[in-house]
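# Close look at the chain arrangement
Now for the letters of each chain:
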Amino acid sequence: REFVDALLVMAVLARAQKRGGPVRLRQISRELRIMPYRCEAVLERAARLGWVARTDKDGWVLARDADSIGVAELYKAFAFDAETWGISTEDLALHLADYSTKKEKK
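Quick notes on the rules
- Residues numbered from 1 in each chain as written.
- Predicted model: local features only at pLDDT ≥ 70, side-chain atom pairs only at ≥ 80, totals over all residues.
- Heavy atoms only, no water.
- Phe/Tyr/Trp six-rings, centres within 6.5 Å; stacked < 30°, edge-to-face > 60°.
- Lys NZ or Arg CZ within 6 Å of the ring centre and 35° of its normal.
- Buried < 20%, exposed > 50% of the residue type's maximum accessible area, 1.4 Å probe, protein only.
- Helix = DSSP H or I, 4+ residues; strand = E, 2+ residues; numbered from the N terminus.
- Arc of directions from axis to C-beta.
- Contact = heavy atoms within 4.5 Å.
- Core = buried A, V, L, I, M, F, W, Y, C linked by side-chain atoms within 4.5 Å.

Tallying each qualifying case throughout the model produces one aromatic pair. Looking at Arg-45, its charged tip hangs above the ring of Phe-78, at a distance of 5.2 Å from the centre.

Have a look at this one:
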């Protein structure tokens, strides 16, 4: 659910970036029909990652170009926390055959 929330919230901000303006938390919540606290949780985490920034009066904008944020990055940040499971980002780039050999050597 967190990943889907993040994908939807970030998509709203990407569309707003094309228009050139911030979006208020309430607007995001209403448009997506997601409770404000869930939208805010996404925005706060995305802000810590440097993807979004808060503006005056509870507005939010993308802090990076929408073309530079991959859906896979959102998935890693909101759905699968590799660090919790002890998997490095290098491991995620491996094919299964290479990963199985790496684990065998340990």
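Here the focus is helix H4 (residues 71-78). All of the buried residues in H4 are Leu-74, Ala-77 and Phe-78. For H4, the arc enclosing every buried residue in end-on projection is 80 degrees, short of the 170-degree limit, so these residues lie on one face. Looking at the packing, one finds that the buried side of H4 touches helix H1 (2-19) and helix H3 (36-48).

Membership of the largest hydrophobic core comes to 24 residues, with the highest contact counts inside it found for Met-10, Leu-13, Ile-28, Trp-51, Val-52 and Phe-78. Of all elements in the fold, only H1, helix H2 (25-32), H3, strand S3 (59-62) and H4 reach the threshold of two or more residues within this core. The leading source of residues in this core is H1, at seven residues. Apart from the residues lying within four places of it in its own chain, the contact partners of Ile-28 are Val-9, Val-12, Leu-13, Val-23, Cys-39 and Leu-43.

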